[in-house]
Amino acid sequence: MFAVCMGAILPSPPGRRHRRPPGTASAPSEHVGGAPYGGAMDLRIGGHVDQSDPVAEAAARGATLSQFFLGDPQSYKGPVVAYAGGAAGLRAAAEAAGVDLYVHAPYPINVASTNNRIRIPGRKLLQQHLTAAAEIGAKGVVVHGGHLGRDEDAAVGFDNWRKCVDGLEMPVPLLIENTAGGDNAMARRLEAIERLWEALGRAEGGDAVGFCLDTCHAHAGGHDLGSVVERVRAVTGRIDLVHCNDSRDVFDSGADRHTNLGSGHIDGADLADLVRAAGAPVVVETPGGVEGQGADIAWLRERVG
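Let me sum up the structure you'll find in this document. (Residues numbered from 1 in each chain as written. Predicted model: local features only at pLDDT ≥ 70, side-chain atom pairs only at ≥ 80, totals over all residues. Heavy atoms only, no water.)

It is worth spelling out the packing of helix H5 (residues 190-200) against helix H7 (residues 228-236) at this point. One way to put it is that H5 packs onto H7 with a least axis distance of 9 Å and a crossing angle of 20°. Here H5 lies roughly parallel to H7, going by the angle between them. As for how H5 packs across H7, the hand of that crossing is right-handed. Facing H5, whose interface residues are Leu-190, Ile-193, Glu-194 and Trp-197, H7 presents Arg-231, Val-232, Val-235 and Thr-236. Across the contact of H5 with H7, the residue classes tally to 5 nonpolar, 1 polar and 2 charged. (Axes fitted to C-alpha atoms, helices over the stretch in contact; angles between N-to-C directions. Helix = DSSP H or I, 4+ residues; strand = E, 2+ residues; numbered from the N terminus. Parallel < 35°, antiparallel > 145°, perpendicular 65-115°, else oblique. Left-handed = near helix turned anticlockwise from the far one by under 90°. Contact = heavy atoms within 4.5 Å. Nonpolar A, V, L, I, M, F, W, Y, C, P; charged D, E, K, R; others polar.)

Below, the structure is given as structure tokens:
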């Protein structure tokens, strides 16, 4: 499986979090609202790239953003800035080039878990990534919604998310991504996303949490791509980032396997329509490196414009 997975929200000053009344929807970001882009060049788009030089990787793809890991995506080890100039150098280089940066949190993080050995280290690691993301000037940190075991009470998982957000300092927005599989996943089915957002509405700082919509995950998770933007936004009040990926597998398969745009089981027109409707920045997490992702970025720009 290909390793995967801009924020329109403005980061809060370090150490501060916005708060909204319990149970209310967060304010939508500047890209949210369903209005189409003015043209293809207005689309903030990039790829999931190697972390050593995300600015150069964006330039190689003709892109205006980069998403990347800070360190080993399969480890509980803390974040590492691999850029030669360090955190300050990466921030300055990205600003000078007009490239927006996004951090993807490591895969082992599952703050919904009932297992203390998974949940507690995951919370710590997530906080470390939020702090490091702020240091490089990132627009947000993307994290998977997580899951519980088949026979565990999902309500515990949603409340664990509330507790997690209650305890986080979020100098940049946290963007929860929908997932493709798992019968007891926190962010696969729309009903689960609704329960998750209700729990987040009771958390201090819950309004600093946004949503990342992955098209492959939505397709594999059983969502109609023609209506998913409207339905998700009705629950969350926002879509802050789109992971635009085709799927190697059929609808509702539960399989998280990305492929290049126009080469999988998702209709190309549906992908373009979804991106246009979401009105949010886009990351392609597709195979092929510079060549493959560069072609996907050009493919999408041509159709969305």
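Let us now look at the sheet that holds strand E7 (residues 241-243). If you trace the 8 strands once around the closed barrel, you get E1-E2-E3-E4-E5-E6-E7-E10, paired in parallel fashion. Across the sheet, the axes of successive neighbouring strands diverge by a mean angle of 30°, strand direction being ignored. Across 3 bridges, strand E1 (residues 45-48) lies against strand E2 (residues 65-68) in parallel orientation. Residue pairing for E2: Gly-47 is matched across the bridge by Ser-66. (Pairing = 2+ DSSP bridges.)

Here the focus is the packing of helix H4 (residues 154-167) against H5. The N-to-C vectors of H4 and H5 enclose an angle of 40°; their axes lie 8 Å apart at closest approach. Of the possible angle classes, the one that applies to H4 and H5 is oblique. The hand of the H4/H5 crossing is right-handed. Residues Ala-154, Ala-155, Phe-158, Trp-161, Arg-162 and Val-165 of H4 form the contact with H5, whose own contacting residues are Ala-192, Arg-195, Leu-196, Ala-199 and Leu-200. Here the residues of the contact of H4 with H5 sort into 9 nonpolar, no polar and 2 charged.

If you walk through the whole model with that rule in mind, you get 15 salt bridges. Between Asp-240 and Arg-238 there is a salt bridge; the shortest N-O distance is 3.0 Å. Across the pair, Arg-238 and Asp-240 agree in class, each one buried. Residue Arg-276 is joined to Asp-273 by a salt bridge in which the shortest nitrogen-to-oxygen separation is 2.9 Å. Highlighted residues: Arg-276 and Asp-273, both in helix H8 (residues 268-278), separated by 3 residues, approximately one helical turn. Salt bridges sharing common partners tie together Asp-159, Arg-162, Lys-163 and Asp-166. (Salt bridge = Lys/Arg side-chain N within 4 Å of Asp/Glu carboxyl O. Buried < 20%, exposed > 50% of the residue type's maximum accessible area, 1.4 Å probe, protein only.)

Buried residues dominate strand E3 (residues 100-104), accounting for 5 of its 5 residues. Every second residue of E3 is oriented toward a common face, with Asp-100, Tyr-102 and His-104 on one face and Leu-101 and Val-103 on the other, all of them buried. Sheet topology places E2 next to E3; 4 bridges connect them, and they run parallel. Residue pairing for E3: Gln-67 is matched across the bridge by Tyr-102.

On to the packing of aromatic side chains, then. In this structure the tally under the stated criterion is 2 aromatic pairs. An angle of 75° between the planes, with centres 5.4 Å apart, marks the rings of Phe-69 and Tyr-107 as edge-to-face. Highlighted residues: Phe-69 in the loop between E2 and helix H2 (86-97) and Tyr-107 in the loop between E3 and helix H3 (116-135), separated in sequence by 38 residues. Judged by its relative accessible area of 8%, Phe-69 falls in the buried class. (Phe/Tyr/Trp six-rings, centres within 6.5 Å; stacked < 30°, edge-to-face > 60°.)

Next up on the list: the environment of Thr-64. Among the secondary structure elements, Thr-64 is positioned in the loop between helix H1 (54-60) and E2. A sequence separation of 33 residues divides Thr-64 from Ala-97, and the C-alpha atoms of the two residues are 8.5 Å apart. Non-local contacts of Thr-64, meaning those with residues more than four positions away in its chain, are made with Leu-43, Arg-44, Ile-45, Gly-98, Val-99, Asp-100 and Arg-301.

The subject of this paragraph is the environment of Arg-276. Taking the relative accessible area as the measure of exposure, Arg-276 reaches 24% and is therefore partly exposed. Here the alpha-carbon distance between Arg-276 and Val-229, two residues 47 residues apart in the chain, equals 9.9 Å. Within polar-contact distance, the side chain of Arg-276 engages the side chain of Asp-273 at 2.9 Å. (Polar contact = N/O pair within 3.5 Å; in protein donor to acceptor, adjacent residues only side chain to side chain.)

Here we take up H4. Taking 1.5 Å as the rise per residue, H4 with 14 residues should run 20 Å; its terminal C-alpha atoms sit 20 Å apart, in good agreement. For H4, every residue scored as buried is listed here: Ala-154, Gly-157, Phe-158, Asn-160, Trp-161, Arg-162, Cys-164 and Val-165. On its buried face, H4 sits against H3, strand E4 (141-144), strand E5 (174-177), H5 and strand E6 (209-214). The backbone nitrogen of Ala-155 has a side-chain oxygen 3.0 Å away, supplied by the residue at the start of H4, namely Asp-153. (Expected span 1.5 Å × (residues − 1).)

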